[in-house]
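Structural characterization, general
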Amino acid sequence: MNSYLPFFGRVLIGLPFAMSGLSKLAAYGPTTEKIAAVGLPLPPLAFAVAVAVELCGGLLLVLGYRVRPAALALAAFSLATAVSFHSNFADQNQMIHFLKNVMMAGGLLQIVAFGAGGISIEQWRRRSGVPSAATAVNA
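Residues numbered from 1 in each chain as written. Predicted model: local features only at pLDDT ≥ 70, side-chain atom pairs only at ≥ 80, totals over all residues. Heavy atoms only, no water.

1. Regarding the overall build of the chain
A tally of regular secondary structure across the chain gives seven helices and zero strands. Taken from N to C terminus, the helices and strands of the chain fall in the order α-α-α-α-α-α-α. Counting only C-alpha atoms, the chain reaches 50 × 30 × 25 Å along its principal axes. Once local pairs closer than 6 in sequence are excluded, the contacts in the chain between residues at least 24 apart make up 66%. Accessible area of the chain: about 8,300 Å², with a carbon and sulfur share of 71%. Charged side chains of the chain number 9 positive and 4 negative; the gap between the two group centres comes to 16 Å. (Helix = DSSP H or I, 4+ residues; strand = E, 2+ residues; numbered from the N terminus. Contact = heavy atoms within 4.5 Å. Areas by Shrake-Rupley, 256 points an atom, 1.4 Å probe, with all protein chains shown as cover. Lys, Arg positive; Asp, Glu negative; His and termini not counted. Charge placed at Lys NZ, Arg CZ, Asp CG, Glu CD.)

Given below as structure tokens:
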């Protein structure tokens, strides 16, 4: 059972990120308006970055490939969105969202520290002897 826990954890963290990235694709106007409303520069660029980080990072986590850099990017994204969008602590709902983002970042940093786990593309590549990208560059 223990070998399944990292997989389930990655799915529970990665899938909502991927779904959020997909939902942003269908809501370009409202999303860029929210980005502009909090005063972030270049809303179209911020939109593209948000979609790329959430969609790609979430899918990489679910698949178990390049999970450490993906989790690190998602942790940084979670903290940045907490500060940028959920820092009005006078609104209890915003405080809850802020704390949720902080907790997600904590879980993502656990993935950075401990890796993908047993059920992952990374583990399959190690077992099958397929060289990683870092090994191929150093050869």
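2. Points about the environment of G39
Secondary-structure assignment places G39 in the loop between α2 (28–37) and α3 (43–63). We classify G39 as exposed; its relative accessible area is 58%. (Buried < 20%, exposed > 50% of the residue type's maximum accessible area, 1.4 Å probe, protein only.)

3. Comments concerning the side chain of S120
Assignment of secondary structure puts S120 in the loop between α5 (92–114) and α6 (121–128). Dropping the residues within four chain positions of it, S120 is found in contact with R10, L63 and G64.

4. Looking at α2
For α2, the full list of buried residues reads T31, T32 and I35. Projection of α2 onto a plane perpendicular to its axis shows the buried side chains occupying an angular sector of 95 degrees, all on one side. Of the residues in α2, the exposed ones pointing more than 90 degrees away from the buried face are E33, K34 and A37. Packed against the buried residues of α2 are α1 (4–25), α3 and α4 (67–85). Directly after α2, the chain includes G39, whose backbone phi takes a positive value near 90 degrees. (Arc of directions from axis to C-beta.)

5. Looking at the layout of surface pockets
In this structure, the largest pocket spans a volume of roughly 800 Å³. Taken together, 30 residues make up the lining of the largest pocket; nearest its centre are K24, E54, F77, T81 and F85. Secondary structure elements with two or more residues in the lining of the largest pocket: α1, α2, α3, α4 and α5. The biggest single contributor to the lining of the largest pocket is α1, with seven residues. Of the residues that constitute the lining of the largest pocket, the class distribution is 17 nonpolar, nine polar and four charged. (1 Å grid on protein atoms, 1.4 Å probe; cavity = no way out; pocket = protein on both sides within 12 Å on 5 of 7 lines; lining within 4 Å. Points joined across faces, edges and corners; volume = space filled by probe spheres on them. Nonpolar A, V, L, I, M, F, W, Y, C, P; charged D, E, K, R; others polar.)

6. Considerations on a nonpolar patch on the surface
Together, L59, L63, I121, W124 and V130 give the surface a local cluster of nonpolar side chains, amounting to about 460 Å² of exposed area. Where the nonpolar patch is concerned, the elements lending two or more residues are α3 and α6. With respect to the helices, strands and loops of the structure, W124 is situated in helix α6. (Patch = residues over 30% accessible without salt bridge, like charges linked within 9 Å, V, L, I, M, F, W, Y side chains within 5 Å. Salt bridge = Lys/Arg side-chain N within 4 Å of Asp/Glu carboxyl O.)

7. Overview of the environment of Q110
Following the sequence through the fold, Q110 ends up in helix α5. In this structure Q110 comes out as partly exposed when scored by relative accessible area, which is 47%. Counting along the chain gives 101 residues from Q110 to G9, while the straight-line C-alpha distance between them is 10 Å.

8. Let's talk about the packing of aromatic side chains
According to the stated counting rule, one finds four aromatic pairs in the structure shown. Ring centres 6.3 Å apart and planes at 25 degrees place the aromatic pair Y4 and F8 in the stacked group. One end of the pair, Y4, and the other, F8, are both in helix α1, four residues apart, so they sit about a helical turn from each other. Ring geometry for F7 versus F8: centroids 5.6 Å apart, planes at 55 degrees, classification tilted. Overall, the relative accessible area of 24% leaves F7 in the partly exposed class. When its relative accessible area of 40% is taken as the criterion, F8 is described as partly exposed. Through pairs of rings, three or more aromatic residues link up here, namely Y4, F7 and F8. (Phe/Tyr/Trp six-rings, centres within 6.5 Å; stacked < 30°, edge-to-face > 60°.)

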